[in-house]
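# Residue-level structural notes
Residue strings, one per chain:
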Amino acid sequence: MKVDNRRKVRGLAGALASLAAVVFLVSCCASGASSGGKPAGQAKGAWSDASLPAESRAAELLKKMTLDEKIGQMTQADRQFLKSYADIARLHLGSLLSGGGSGPDENTAEAWADMYDEFQGYALKTRLGIPLVYGVDAVHGHNNVRGATIFPHNIGLGAANDPDLVERIARATAVEVAATGIDWNFAPCLTVPQDIRWGRTYEGYSENPEIVSVLGSAAVRGYQGTDLAARDTILATIKHFVADGGTFGGKDRGDAKISEEELRSIHLHPYFAAIGAGAGSLMPSFSSWNGVRMHAHGELLTGVLRGEMGFAGFTISDWAALDELGGTPEHRIALGINSGVDMVMVPEHYESFITTLKKLVKDGAVSEARVDEAVLRILTAKFKLGLFESPLAEREFLDRVGSPEHRAVAREAVRKSAVLLKNDGILPFKKENLKAILVTGPLADNLGAQCGGWTISWQGGNGPVTEGTTVLAALRAALPESVAIYDSLKAAEKAGAKIDVAVVVVGERPYAEWQGDTQNPALPPAHSELIETLSGQGLPVVTVLFSGRPLLAEREIAMSSAFLAAWLPGTEGAGLADLLLGDAKPTGKLSFSWPKTLAGIGAEGKKNEKPLFELGYGLSW
Ligand code: GLC
């Protein structure tokens, strides 16, 4: 993230702006004025009365808005592309986001809260003082923020299959997100991945739509709570509508060549419960259904979503997704908005988007009635969120970010999400019998790989990317001093140690979106060779696998005495030590069928070959 000097000057101006905002708000409260702005004598009208329903406040406010102000509300920019923070006020921007890894240079929760309040200060200075709604992908904890609790990715939570746990994770995430000011989470993902070659398989709870339905709606409840205006609740986004996980060959942003019956029974199914749980926003998918892009699919994005499913929230396009609709900017913006996109995640060329949309309205290509419909939905969400009454960061929660209580929930989730695929009796270890163990493998001490994509940066990274506990560190902490722990065979041989058991941690590199698409979901050769070498020397090998999907690992499983699929567990590796040492029993069950060979992968593949392990498989003791 480059920071130029102008940014620093802006920062100072921004800090003054947010200070002004705080003073402004305090003065209103001090004068006993109704919330949201001027002293009671100059009340801004019915819309500033917090006792009125959000819908009517929004309708009142809409009447006062100019076309520029309305179009600004439909525009979302990524903070990293702001040419000047003053653009927030000048262009009446309604929303900002932090895309994966887009955050303050000093990556601390407090710096995020300062950044958020600085931006909000600009929005509150506008004529109507309409607060920003700020979005982020907190898909497994507040994962952009260093020091935040990182929970298992959804594929692991699907194996745990515990809706109460999912709700508690979402609740904890909402508190950590709210502490930094942010009010809106682009989660939960309701994808129902049908082909594990897809790079976003791990963002799905399961290939089974009912598991996704139950857990996705639990996540919505956790994020939004029972009162969206509460200081520790945030707006959920159900995504990516629809059939993002049903594309041909598992290609990211590809085409779901499926029947309407399959679209409804598999991919649409989870949205009914999530909408029933009150999800306040929805994100269309980049992908297509039988050749029609979802961001241009008026029949589904308006007809079905609004008419049949009764969704009353607002829709937010995916990252620059309208650019992929083809044709001129005028054509694709009109197409997206007329198909049902309410707010556009531009996210870079926000001024030209605004100019183009204004021209489209003037030319009648987008009606002002359509603009009003979109803006009414957006403003209603902002009123429901209580943004007009408390637009700044909820700093009282800053000490909850990465707190021991949240990490304990994450550790419980790690225990419950791991699936034991094989055990010849080597597990659980009997601590009293252990003298020397080997804890090795490329991912044994690699927190970044343990967390996977969408962690600190968009793609994630290797090594100590944030604060957490690797498997090696967890075993070192849990085993008595009397047990010698070697992190490589060479070290063990050099010490002339007699190794009782080898824990080998292997798996996939971190990735996100299309960068995770693969035609060969298998272990890297070096990882496989390590298992072979150690087992070939007669050592009992316990393989722990970090992966965003089932992998073709029949041979590695055969060479292991025990094999634990840990998915992408996040920062609390101690949850795995709990299982290895018998302090907890494995209860995880596969939420995806585990293919035997490439021939058994994907919707077609599953018809040709029996999986190695069926959905629902998982051992214990
Ligand atoms: C990405 C993803 C979407 C995410 C958005 C904002 O491309 O498709 O899931 O919410 O952009 O980061």
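Rules used in this analysis
- Residues numbered from 1 in each chain as written.
- Predicted model: local features only at pLDDT ≥ 70, side-chain atom pairs only at ≥ 80, totals over all residues.
- Heavy atoms only, no water.
- UniProt positions renumbered as here; feature names shortened; annotations may be inferred.
- Helix = DSSP H or I, 4+ residues; strand = E, 2+ residues; numbered from the N terminus.
- Rg over C-alpha atoms; globule rule 2.2 N^0.38 Å.
- Buried < 20%, exposed > 50% of the residue type's maximum accessible area, 1.4 Å probe, protein only.
- Contact = heavy atoms within 4.5 Å.
- Areas by Shrake-Rupley, 256 points an atom, 1.4 Å probe, with all protein chains shown as cover.
- Lys, Arg positive; Asp, Glu negative; His and termini not counted.
- Charge placed at Lys NZ, Arg CZ, Asp CG, Glu CD.
- Pairing = 2+ DSSP bridges.
- Expected span 1.5 Å × (residues − 1).
- Arc of directions from axis to C-beta.
- Near = heavy atom within 4 Å.
- Polar contact = N/O pair within 3.5 Å; in protein donor to acceptor, adjacent residues only side chain to side chain.
- Nonpolar A, V, L, I, M, F, W, Y, C, P; charged D, E, K, R; others polar.
- Domains from an automatic or database assignment.
- Buried area = accessible area lost by both parts, 1.4 Å probe.
- Salt bridge = Lys/Arg side-chain N within 4 Å of Asp/Glu carboxyl O.

Identification of the chain as beta-glucosidase from Teretinema zuelzerae is taken from an unreviewed UniProt entry. The Sequence similarities (unreviewed entry) comment attached to the chain in UniProt states, word for word, "Belongs to the glycosyl hydrolase 3 family."

### Here we look at the overall build of the chain
A count of helical and extended segments in the chain gives 21 helices and 17 strands. For a compact globule of 621 residues, the expected C-alpha radius of gyration is about 25 Å, and the chain comes in at 25 Å, within 12% of that figure. Per-residue burial over the chain gives 62% buried out of 621 residues. Here the analysis covers contacts within the chain between residues at least 6 apart in sequence; of these, 77% occur between residues at least 24 apart. Accessible surface, the chain as shown: approximately 21,600 Å² in total, 56% of it carbon and sulfur. Considering the chain, the positive charge centre built from 61 side chains and the negative charge centre built from 72 side chains are found 2 Å apart.

### Quick notes on the sheet that holds strand β7 (residues 281-284)
Read from one edge to the other, the open sheet built from three strands follows the order β5-β7-β10, with strand pairing classed as parallel. Across the chains shown, the open sheet's two edge strands, defined by having one partner strand only, are β5 (237-241) and β10 (314-315). Relative to β7, β5 runs parallel, the two sharing four bridges. By the bridge assignment, threonine 237 is partnered in β7 with serine 281.

### A look at helix α12 (residues 350-363)
With 14 residues, α12 extends 20 Å between its outermost C-alpha atoms, agreeing within 8% with the 20 Å of an ideal straight helix rising 1.5 Å per residue. Of all the residues in α12, the buried ones are Tyr350, Phe353, Ile354, Thr356, Leu357, Leu360 and Val361. Along the axis of α12, the buried positions cluster into a sector of 170°, meaning they face one direction only. Relative to its buried face, α12 has exposed residues pointing more than 90 degrees away, namely Thr355 and Lys362. Downstream of α12 by one or two residues, glycine 364 has phi in the positive range, about 85°.

### Examining the site of the ligand
Taken together, 13 residues lie near the ligand, and Asp137, Arg200, Lys239, His240 and Asp318 sit nearest. Glutamate 513 is positioned such that a nitrogen or oxygen atom in its side chain is 3.1 Å from an oxygen atom of the ligand. Counted by class, the shell around the ligand contains six nonpolar, one polar and six charged residues.

### Brief notes about the domain arrangement of the chain
Taken domain by domain, the chain holds domain 1 (3-46 + 72-132 + 174-399) and domain 2 (418-608). Of note, the centres of domain 1 and domain 2, computed from C-alpha atoms alone, are 37 Å apart. For the pairing of domain 1 and domain 2, the buried interface totals around 2,000 Å² over both sides, and the portion due to carbon and sulfur atoms is 53%. In terms of surface lost to domain 2, no three residues of domain 1 exceed Ile196, Arg197 and Tyr202, which account for 37% of the buried area on that side. Summed over the shared surface of domain 1 and domain 2, the number is three salt bridges. Notably, a salt bridge pairs glutamate 513 with arginine 253, separated by 3.0 Å at the nearest N-O pair. Run the count over domain 1 and domain 2 and you get 18 residue pairs in polar contact (both at pLDDT 80 or more). When grouped by side-chain class, the residues that make up the side of domain 1 that touches domain 2 number seven nonpolar, ten polar and eight charged.

### Details of the pattern of salt bridges
Once the charged atoms of two side chains with opposite charge are near each other, the side chains can pair. Enumeration according to the criterion identifies 46 salt bridges in this entry. Its salt-bridge partner being arginine 293, residue glutamate 324 comes within 3.3 Å of it at the nearest N-O pair. Note that glutamate 324 is positioned in the loop between β10 and α11 (329-339) and arginine 293 in strand β9 (residues 292-293), a separation of 31 residues in sequence. The shortest N-O distance in the salt bridge between glutamate 373 and arginine 377 comes to 3.5 Å. Taken together, the residues glutamate 373 and arginine 377, both in helix α13 (residues 368-384) and four residues apart, mark about one turn of the helix. Of the residues examined, arginine 377 reaches a relative accessible area of 17% and is grouped as buried. Here the residues in one salt-bridge network are Arg200, Glu203, Asp252, Arg253, Arg293, Glu324 and Glu513, joined through shared partners.

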